[in-house]
Amino acid sequence: MRVILLGPPGAGKGTQAGMIAEKYHVPQISTGDILREEVKIESELGKQAKSYMDKGELVPDKLIIDIIVKQLDEDDSGNGYIMDGFPRTVNQAVAFASALSERGEQVDRVISIEVERDELIRRLNGRRTCTECGVRYHIHFDPPRKEGVCNECGTKLIPRDDDSEETVPNRLEVYRKQTEPLIDYYKGSGVFEAVDGVGSIEEIFKRVEKALEG
Ligand code: AMP
């Protein structure tokens, strides 16, 4: 099962991708998580990516495509994967399609999670992440048992750097200009499904399952 999850920042892609990965036993490939890890270990890639990420801009296509091509050749990708946050530009989608066709593969489903702007801003403002194990929470919709502390490992929770009030409007604008055109790119492909991203995490997952299995 090869799946792409599209949607603006705050639509719940990471949460839904994690649930798909668990249920269908495929790895979740999150370019955002890969980049954040590279920034954390201060690798060459991380240093190049950081300035873009801090401003809410997209990291150049070439760097992202290299990451993805490497991932496609990992052993655990043989059975499929769920792409979370990739592709983000039509260029990336075209490069991805050609990397897949070289391998005799194709995408089975492209699911677009739809949420309107005001709701996205509310969601992004309350997101918190564990600095140690990466588990995500939301102060209103998915709070930890003890305020500000990770359920899994007891580490302090912090907002993501790029969820700040200054960066969020730019990330939404970058999505509208650079990523939204992907919806038209995939619409005619016969594998595209739009899903309403408003409701409880479980309600949305039911819609996602239906889109995957329908
Ligand atoms: P995310 O966690 O998916 O919201 O990604 C966080 C940041 O990583 C984005 O704002 C971009 O700066 C960068 N990023 C993640 N995925 C991509 C991608 N496919 N193309 C370009 N930049 C990306």
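Source: prediction; values computed, not measured.

A word on the overall build of the chain. Scanning the chain from terminus to terminus reveals nine helices and eight strands. Expected size for 214 residues packed as a compact globule is a radius of gyration near 17 Å; at 17 Å, the chain falls within 12% of this value. If you line up the chain on its principal axes, its C-alpha atoms span 50 × 40 × 35 Å. Here the analysis covers contacts within the chain between residues at least 6 apart in sequence; of these, 68% occur between residues at least 24 apart. Carbon and sulfur atoms make up 48% of the accessible area of the chain, which totals about 11,500 Å². Each charge sign in the chain was given a centre, from 30 positive and 40 negative side chains, and these centres are 2 Å apart.

As a further point, take the pairing of strand β4 (residues 109-114). Among the six residues of β4, five are classified as buried, and the element is accordingly described as predominantly covered. In the sheet, strand β1 (residues 2-6) pairs with β4 via four bridges, with the strands oriented parallel. When the sheet's bridge partners are listed, Ile4 is paired in β4 with Val110.

Each aromatic ring pair is described using two quantities: the centre-to-centre distance and the angle formed by the ring planes. Counted according to the given criterion, the structure contains three aromatic pairs. Measuring from ring centre to ring centre gives 4.9 Å for Tyr185 and Tyr186, while their planes differ by 85°; the resulting arrangement is edge-to-face.

Of all hydrophobic cores here, the largest spans 28 residues; its most connected members are Ile4, Leu72, Met83, Phe96, Val110 and Tyr186. Elements with a minimum of two residues in this core: β1, α2 (31-40), α3 (44-55), α4 (61-72), β3 (81-84), α5 (90-102) and α8 (181-187). Ranked by the residues each element gives to this core, the list is headed by α4, at five residues. Discounting chain neighbours no more than four positions away, the residues touching Ile4 are Met83, Phe86, Pro87, Phe96, Val107, Arg109, Val110, Ile111 and Tyr186. Counting residues in hydrophobic clusters, the runner-up holds 22 residues, among them Ala21, Val26, Leu124 and Phe205.

Mapped onto the secondary structure, Arg123 falls in helix α6 (residues 117-125). By relative accessible area, which is 11% here, Arg123 ends up buried. Within the structure, the side chain of Arg123 is placed 3.2 Å from the backbone oxygen of Gly10, a separation counted as a polar contact. For Arg123, the contacting residues outside a window of four places in its chain are Gly10, Ala11, Gly12, Val115, His138, Phe141, Gly197 and Val198.

What follows deals with the environment of Glu114. Its place among the elements puts Glu114 in strand β4. Between the C-alpha atoms of Glu114 and Val39, which are 75 residues apart in sequence, the distance is 29 Å. Those residues within four positions of Glu114 in sequence are excluded, and the remaining contacts are Ala194, Val195, Asp196, Gly197 and Val198.

Among the residues of α6, those classed as buried are Glu119, Leu120, Arg123 and Leu124. Projection of α6 onto a plane perpendicular to its axis shows the buried side chains occupying an angular sector of 130°, all on one side. Next to the buried residues of α6 lie β5 (127-130), β6 (136-138) and α7 (168-179).

Looking now at the site of the ligand. In the neighbourhood of the ligand, 16 residues make up the surrounding shell, with Thr31, Arg36, Glu57, Gly85 and Gln92 lying closest. One nitrogen or oxygen atom from the main chain of Val59 is found 3.0 Å from a nitrogen atom belonging to the ligand. Between the ligand and Gln92 there is a distance of 2.9 Å, counted from a nitrogen atom to a side-chain nitrogen or oxygen. The fraction of the free accessible surface of the ligand (480 Å²) that becomes covered by protein chains is 96%. The leading source of residues in the shell around the ligand is α2, at four residues.

Rules and cut-offs
- Residues numbered from 1 in each chain as written.
- Predicted model: local features only at pLDDT ≥ 70, side-chain atom pairs only at ≥ 80, totals over all residues.
- Heavy atoms only, no water.
- Helix = DSSP H or I, 4+ residues; strand = E, 2+ residues; numbered from the N terminus.
- Rg over C-alpha atoms; globule rule 2.2 N^0.38 Å.
- Contact = heavy atoms within 4.5 Å.
- Areas by Shrake-Rupley, 256 points an atom, 1.4 Å probe, with all protein chains shown as cover.
- Lys, Arg positive; Asp, Glu negative; His and termini not counted.
- Charge placed at Lys NZ, Arg CZ, Asp CG, Glu CD.
- Buried < 20%, exposed > 50% of the residue type's maximum accessible area, 1.4 Å probe, protein only.
- Pairing = 2+ DSSP bridges.
- Phe/Tyr/Trp six-rings, centres within 6.5 Å; stacked < 30°, edge-to-face > 60°.
- Core = buried A, V, L, I, M, F, W, Y, C linked by side-chain atoms within 4.5 Å.
- Polar contact = N/O pair within 3.5 Å; in protein donor to acceptor, adjacent residues only side chain to side chain.
- Arc of directions from axis to C-beta.
- Near = heavy atom within 4 Å.

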